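Overview (structure and organization)
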Protein chains: 10
Amino acid sequence: MARKARPALTQLGHATRLPASPAAAVLERIPNSQPRERYLVRFACPEFTSICPVTGQPDFAHLVIDYVPKAWLVESKSLKLYLGSFRNHGAFHEDCTIAIGKRLVDELKPHWLRIAGYWYPRGGIPIDVFWQTGAPPRDLWLPDPGVAPYRGRG
Amino acid sequence: MARKARPALTQLGHATRLPASPAAAVLERIPNSQPRERYLVRFACPEFTSICPVTGQPDFAHLVIDYVPKAWLVESKSLKLYLGSFRNHGAFHEDCTIAIGKRLVDELKPHWLRIAGYWYPRGGIPIDVFWQTGAPPRDLWLPDPGVAPYRGRG
Amino acid sequence: MARKARPALTQLGHATRLPASPAAAVLERIPNSQPRERYLVRFACPEFTSICPVTGQPDFAHLVIDYVPKAWLVESKSLKLYLGSFRNHGAFHEDCTIAIGKRLVDELKPHWLRIAGYWYPRGGIPIDVFWQTGAPPRDLWLPDPGVAPYRGRG
Amino acid sequence: MARKARPALTQLGHATRLPASPAAAVLERIPNSQPRERYLVRFACPEFTSICPVTGQPDFAHLVIDYVPKAWLVESKSLKLYLGSFRNHGAFHEDCTIAIGKRLVDELKPHWLRIAGYWYPRGGIPIDVFWQTGAPPRDLWLPDPGVAPYRGRG
Amino acid sequence: MARKARPALTQLGHATRLPASPAAAVLERIPNSQPRERYLVRFACPEFTSICPVTGQPDFAHLVIDYVPKAWLVESKSLKLYLGSFRNHGAFHEDCTIAIGKRLVDELKPHWLRIAGYWYPRGGIPIDVFWQTGAPPRDLWLPDPGVAPYRGRG
Amino acid sequence: MARKARPALTQLGHATRLPASPAAAVLERIPNSQPRERYLVRFACPEFTSICPVTGQPDFAHLVIDYVPKAWLVESKSLKLYLGSFRNHGAFHEDCTIAIGKRLVDELKPHWLRIAGYWYPRGGIPIDVFWQTGAPPRDLWLPDPGVAPYRGRG
Amino acid sequence: MARKARPALTQLGHATRLPASPAAAVLERIPNSQPRERYLVRFACPEFTSICPVTGQPDFAHLVIDYVPKAWLVESKSLKLYLGSFRNHGAFHEDCTIAIGKRLVDELKPHWLRIAGYWYPRGGIPIDVFWQTGAPPRDLWLPDPGVAPYRGRG
Amino acid sequence: MARKARPALTQLGHATRLPASPAAAVLERIPNSQPRERYLVRFACPEFTSICPVTGQPDFAHLVIDYVPKAWLVESKSLKLYLGSFRNHGAFHEDCTIAIGKRLVDELKPHWLRIAGYWYPRGGIPIDVFWQTGAPPRDLWLPDPGVAPYRGRG
Amino acid sequence: MARKARPALTQLGHATRLPASPAAAVLERIPNSQPRERYLVRFACPEFTSICPVTGQPDFAHLVIDYVPKAWLVESKSLKLYLGSFRNHGAFHEDCTIAIGKRLVDELKPHWLRIAGYWYPRGGIPIDVFWQTGAPPRDLWLPDPGVAPYRGRG
Amino acid sequence: MARKARPALTQLGHATRLPASPAAAVLERIPNSQPRERYLVRFACPEFTSICPVTGQPDFAHLVIDYVPKAWLVESKSLKLYLGSFRNHGAFHEDCTIAIGKRLVDELKPHWLRIAGYWYPRGGIPIDVFWQTGAPPRDLWLPDPGVAPYRGRG
Ligand SMILES: [Ca+2]
Ligand SMILES: [Ca+2]
Ligand SMILES: [Ca+2]
Ligand SMILES: [Ca+2]
Ligand SMILES: [Ca+2]
Ligand SMILES: [Ca+2]
Ligand SMILES: [Ca+2]
Ligand SMILES: [Ca+2]
Ligand SMILES: [Ca+2]
Ligand SMILES: [Ca+2]
Ligand SMILES: [Ca+2]
Ligand SMILES: [Ca+2]
Ligand SMILES: [Ca+2]
Ligand SMILES: [Ca+2]
Ligand SMILES: [Ca+2]
Ligand SMILES: [Ca+2]
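Read on for an overview of the structure. (Residues numbered from 1 in each chain as written. Chains lettered and ligands numbered in written order. Predicted model: local features only at pLDDT ≥ 70, side-chain atom pairs only at ≥ 80, totals over all residues. Heavy atoms only, no water.)

1. Here's the deal with the relation of the copies chain H and chain A
Rotating chain H by 72° about the axis while translating it 0.0 Å along that axis superimposes it on chain A, leaving an RMSD of 0.0 Å. One copy is carried onto the other by what is essentially a five-fold rotation axis. For chain H, the residue whose C-alpha comes nearest the rotation axis is Gly146(H), separated from it by 6.9 Å. In this assembly the copies use different faces: only 7% of the residues contributing to the interface of chain H also contribute to that of chain A. (Least-squares fit on C-alpha atoms with pLDDT ≥ 70 in both. Contact = heavy atoms within 4.5 Å.)

Here is the structure:
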């Protein structure tokens, strides 16, 4: 099976440390064993945190990443470490969400990718950011992620 | 019926203005027509707003008020106006919630009263304040108000 | 079986009209076929409406009635008609809720009864009224009715 | 990074007061650092209140604002202050919702914008207002905001 | 502002009585102050009741009305009174729902209108009726009303 | 009104018995009083049960039936009796669901009809069956029925 | 293990037919392999149906049965068949619920048992029946079954 | 009826064992008795488990399978056994989900099929996989399965 | 810190295999670093599966385990492996749930422990099993686990 | 008002940095302006993260803190900073939760305090930790926080 042959995974099955920054994080990929199928892979990431570049205070977000792989799949432990690398990194909500999307596109060259960043409220108002590489491929099944809306209290 | 005989209601059935401050608000009361019954009256007030005394910025809360009337019921239009009178009033969360409870106790002399203030999050953390005049009367039915917990996003 | 022997039911199995007022409504009862058991009967009544005695406008409520029968059960069609008889009747929220409870106690002489009136919001604030005849009988199972709290919008 | 160079922000990082009216509020903008991307930014604003121009009584709404930025992003603290400036401003539901949408369009010149105003019930009936500048841009991901419907009680 | 100039409103700001029948109800309208915008106005009406023309028993429904105004808005107090006028009026579910829709179309001449009637179960089966004047205008935002399905118990 | 003129209804307003089988059930129809309108009628039927033709054990389903009437409406009491007639009838899930849909089409000759059968789990796996007569009529409003998915426990 | 030794189970592992009536149903029991432990067993039974003894029409209920076994456990296939035997049996809601509870007590001689019958609405009002053999044993964990309340539509 | 004539079912109505592997599992099929209808059959499978091929630890998933049958229906007991055969089988999430879909396509030659695999979280991040054979047939009703999103805690 | 000194953990930080049976599983423990505090530890285990000893078919359950540690905490990786060891083990629902509880009591000698097993439905009826070692310690906070009830479909 | 007189607050109203560790964090307190009232203050903290001391990987939790103040209230900005100081701090779930509770007790000397830590799942199993200083004060209202249970997928 294609995955067993992957030669150079440096993180899966090894002890790892949280990368010091997104730039230092290594996003590893493995061959897509179903390269002729158009299918969607969705990651829900409720454990995302970064630093506000203005105040130095922590920000939190719930991310949902959808992509249609071409030749490569992202190795999921390396995805976890990449997302963890924002822990001490300063980033605005809009920039940060889109930057993650673009980095994944760079590494994976997928048919299509999109990302949603559901940021925790600041000043009583949460911000959601929705970005995708273009129209979804035709004939793809792409269900609504169904993330609950923010509603304050009551 | 007792309510029809109430002589001096100045707000119900009249054009009214929002009182300029809690102190200016007139909380009116009407005779309890069921004075020998122990029963609970609950108000849910999702339209409460006041001003942060430190920053001058608006605060919002969802209030739930429960009481067991003795001789008096609060006239509900005057309750609405009283709560509306906090609109331009500076108040801390804990103080404000308890002050409303105490004012109602002063006016109504109920068997028992409690108040919950579910404040909207600031700094990522909402504050809830729960105050009551003492243990609830025995043999009273007092269901949980069931207000949803805050959970950020996701 | 006791129910088949009931001689004088005038409503069940007959064409009926909505009674013109609560006073005109006939609450019929049937023998409790399990008179030695302590058990709870709960009615949920989301189709209740009456008239505001001050404005003449309709009011709506969701009622929940719980009782522990002694010798009699309320015949449920007559309960429906009795509740329907408030359609053109003026009544305040607190009075109305408790009056329904007391009428049922008069007719049924139950071991115990309680009523909850969850009234639709007026002036942005709904009123709930909770009344019971006393502490519930010991060793009774009395689950929370679980009615959702009001929360405005969002 | 573009945001650091913004020269004239007068509110972010400064002590601010609630503007006296929408006209007095300054909506500030910052350069969109991803100007070549079509992406959606969503704000959920459960802390909105204004004044009924007929009765002088407070109104409350839950707003959801979606836009696709072109050259500018709205600075979110200034958005919060702008929305807060309706606190003592008289406005009808339909006018108010659309006016906020238009003001944002004027300031931001976005590719597209829409606004939903979910107003709290008056007279037992809430009003929702949905407005957008036109059809959404093609190839944009625009998930349903999922705001809960109003259902009275029960 | 256009609304202030409306000359002949006979209900808003006046004491009113529930009209005796739909035919007797006066649906008043006010000029649409945003006549060049295509926007949606939604009313949720959980307080609707009428009479079954066969049995004379009350029926209840939850109505949702959506419309895109052209020259006129419905004055919402008159809408409330119009809906209240069905209280003693006999009407079948399908007829009644569509008749309300048509009456509003007659009065308002909107770009488009639709109505949903979610009727309470009879015989264990609720009926929903969905009617609209035609395809929705292009480029309109028309979110799903999200009314919960009926599911019996459990 | 058309409905009053219906000459031959044998079930509505009469004492009825559960038909012994679907074949024995009489589905009655009444003239559609709004024959020029395209509108949708939805029935939710959570009280459906039939017999497994292999094991003789009961099966249960929650049915949702949507149709766009042409000349006829189904008389709803006869629909209830028709569905009740499956009580002692053996039928597979797929066949049964579609057979009900076809029978209704035969009787009503509607513009369009669809049926969903949400069957209770057997062997840990529930089956849903979705059938319709063709593409829905254009310009029809056809909201999602929103039936909750099965999810086991937890 | 005790269960393997059970000699006379006539239903489990055999082809069975639905018993013709509750009286004909055989409730089988197996030895409690943990007879010294006080523990609770809960069955949720959303597939219950019986016949109204007055109208001959089907009734439906969602049952929840809780018991603390002493020497015996109920064999669950025989419980399913016993409940299925009410399919063509006439029974009033209160009688039926309590009769099932008593039959189980007769067969199992448990430390304690209770039953809840959540009946589907008739005449717009559902009835719940809650019965138990007495106060629950001390030191037992007995969580709320959490069955959703009935609320009509909306 | 076609199903009764099926000659060679080896599992339904027989004692069966869990197949030792997916390759050893026999997926049986029965003739589609409604071969001229386009309809959808949905299976929800919350009881799926397999083995991680890297770590040997169990994985869990909730599967939803939708298909439009042509000549054949899958016999549901054999589907259950086939899914159960992954219990001791090593498989990656993406491969496993798509392999199940393809196997069903091979056996059933349906008009169309799709599968969703909602995998339980590992490393704080769950993976969903969505695959289908192509665009859904026109004029098919294909409601959203409505599976809840993952959201961590809170 | 006490945990670092634990000498003989054989599973945490090591590659492990799923134990072949519960008897073969090693439940490891670590010193409770807060031995003088009465506190509750709760595990939710939605990934539990075992084998029906009669049919050889898989069973699934959602387990919730609560305990108040005395000298020892359970090492959570060993708990996961212990629960995983039931994968090929035959066990009845009641026995299995209680046996897990007792094994944990044996290993941990806690102040108190309880377990809930929420088993997936078989024959249309799920079984829940609730067992605890006795009354909970006084002055302990023990919130309801809030597991959703089973309700079939609809 | 007491709060205005607090002399030495070093964080509120000042630019602050995230403290480097819990030990370095300064928890500031302000006088309780209602020292004679027994009332509850609840904080919900969905933005908590720390580091696993064994693996160096991030952990996430949702915390709920309840306390009954005596002489002091915690200043909420300092609470936010204190919780943020765990960002780069290694801590086990049980230790960490209880340590936060104890630190607050040390600083505030409240009448009573409790803390719940709802940790995100690891190895498929989340851990909840519930600790309190003793039995809650009598006559206190202490509603259930209502945090949703973990349930995997589906
Ligand atoms: Ca959605
Ligand atoms: Ca709100
Ligand atoms: Ca609660
Ligand atoms: Ca969260
Ligand atoms: Ca509750
Ligand atoms: Ca929606
Ligand atoms: Ca929907
Ligand atoms: Ca059901
Ligand atoms: Ca849906
Ligand atoms: Ca409950
Ligand atoms: Ca309702
Ligand atoms: Ca969805
Ligand atoms: Ca519960
Ligand atoms: Ca609960
Ligand atoms: Ca709870
Ligand atoms: Ca599950």
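Having seen the structure, we can now continue with the description.
2. Digging into the coordination of the calcium ion (ligand 4)
Coordination sphere of the calcium ion (ligand 4), protein contribution only: Tyr120(A) (OH), Arg153(B) (O) and Tyr120(J) (OH), at 2.8 to 3.2 Å. With Tyr120(A) in the loop between strand S5 (112–119) and strand S6 (127–132) and Tyr120(J) in the loop between strand S5 (112–119) and strand S6 (127–132), the pair connects residues from two separate chains. Across this residue pair, the class does not change: Tyr120(A) and Tyr120(J) are buried. (Donors = N, O, S within 2.8 Å, 3.2 Å for Na, K, Ca; no water. Helix = DSSP H or I, 4+ residues; strand = E, 2+ residues; numbered from the N terminus. Buried < 20%, exposed > 50% of the residue type's maximum accessible area, 1.4 Å probe, protein only.)

3. As for the environment of Val68(B)
Residues and elements named next belong to chain B. Along the chain, Val68 turns up in strand S3 (residues 58–68). The exposure class of Val68 is buried, given its relative accessible area of 0%. As a C-alpha pair, Val68 and Leu140 span 72 residues in sequence and 8.9 Å in three-dimensional space. Ignoring sequence-local partners within four residues, the contact set of Val68 consists of Arg38, Tyr39, Leu40, Pro110, His111, Trp112, Pro137 and Leu140.

4. Re the pairing of strand S3 (residues 58–68) of chain C
Residue and element names in this part refer to chain C. For S3, a buried count of 11 out of 11 residues is recorded, marking the element as mostly surrounded by other parts of the structure. Burial along S3 is two-sided: the face carrying Pro58, Phe60, His62, Val64, Asp66 and Val68 and the face carrying Asp59, Ala61, Leu63, Ile65 and Tyr67 are both buried. Two elements, strand S2 (residues 39–51) and S3, share 9 bridges in a ladder whose sense is antiparallel. Within the sheet, the bridge partner assigned to Arg42 lies in S3 and is Asp66. Where S2 folds back onto S3 in an antiparallel hairpin, the turn is made up of 6 residues, including Gly56, whose phi is positive at roughly 75°. As judged from the 8 bridges shared by S3 and strand S5 (residues 112–119), these two strands associate in the antiparallel manner. By the bridge assignment, Ile65 is partnered in S5 with Ile115. (Pairing = 2+ DSSP bridges.)

5. Side note on the interface of chain H and chain A
Each partner contributes residues to the interface: chain H has 29 residues there, and chain A has 29 residues. Summed over both sides, the interface of chain H with chain A buries roughly 2500 Å², with 60% coming from carbon and sulfur. Summed over the shared surface of chain H and chain A, the number is 1 salt bridge. With a shortest N-O distance of 3.1 Å, Glu37(A) and Lys102(H) are connected by a salt bridge. The interface formed by chain H and chain A contains 8 residue pairs in polar contact (both at pLDDT 80 or more). Elements with a contribution of two residues or more to the side of chain H that touches chain A: helix H2 (93–108), strand S5 (112–119) and strand S6 (127–132) of chain H. Examining the composition of the side of chain H that touches chain A, we find that 6 residues originate from one element, S6(H), more than from any other. (Buried area = accessible area lost by both parts, 1.4 Å probe. Salt bridge = Lys/Arg side-chain N within 4 Å of Asp/Glu carboxyl O. Polar contact = N/O pair within 3.5 Å; in protein donor to acceptor, adjacent residues only side chain to side chain.)

6. Looking at unusual backbone geometry
The phi angle of most residues is negative, glycine excepted, and most peptide bonds adopt the trans form. Positive phi, normally seen in glycine, also occurs at Asp139(G), with a value near 65°. Within the element layout of this structure, Asp139(G) appears in the segment after strand S6 (127–132). Phi is positive for Lys109(H), close to 45°, though the residue is something other than glycine.

7. Side note on the relation of the copies chain E and chain D
Expressed as a screw operation, the relation of chain E to chain D combines 0.0 Å of axial shift with a rotation of 72°, fitting to an RMSD of 0.0 Å. Taken together, the interface assignments show that only 7% of the residues at the interface of chain E recur at the interface of chain D, consistent with different surfaces on the two copies.

8. A word on the packing of helix H1 (residues 76–84) of chain C against helix H2 (residues 93–108) of chain C
Residues and elements named next belong to chain C. Relative orientation of the contacting elements H1 and H2 amounts to 145°, with a least axis distance of 12 Å. Remark: the crossing between H1 and H2 carries right-handed chirality. Side by side, H1 and H2 meet where Leu79, Tyr82 and Leu83 of the first sit next to Ala99, Ile100, Arg103 and Leu104 of the second. Of the residues assigned to the contact of H1 with H2, the class counts are 6 nonpolar, no polar and 1 charged. (Axes fitted to C-alpha atoms, helices over the stretch in contact; angles between N-to-C directions. Left-handed = near helix turned anticlockwise from the far one by under 90°. Nonpolar A, V, L, I, M, F, W, Y, C, P; charged D, E, K, R; others polar.)

9. What to know about the pattern of salt bridges
With the rule as written, the count across this model stands at 70 salt bridges over all chains. Its salt-bridge partner being Arg122(I), residue Glu47(H) comes within 2.7 Å of it at the nearest N-O pair. Of this pair, Glu47(H) sits in strand S2 (residues 39–51) while Arg122(I) sits in the loop between strand S5 (112–119) and strand S6 (127–132), which puts the two residues in different chains. In this structure Arg122(I) comes out as partly exposed when scored by relative accessible area, which is 30%. Three or more residues joined by partner-sharing salt bridges are found here, namely Arg42(A), Asp66(A) and Arg114(A).

Geometric descriptors of this kind do not, in isolation, establish any biological role.
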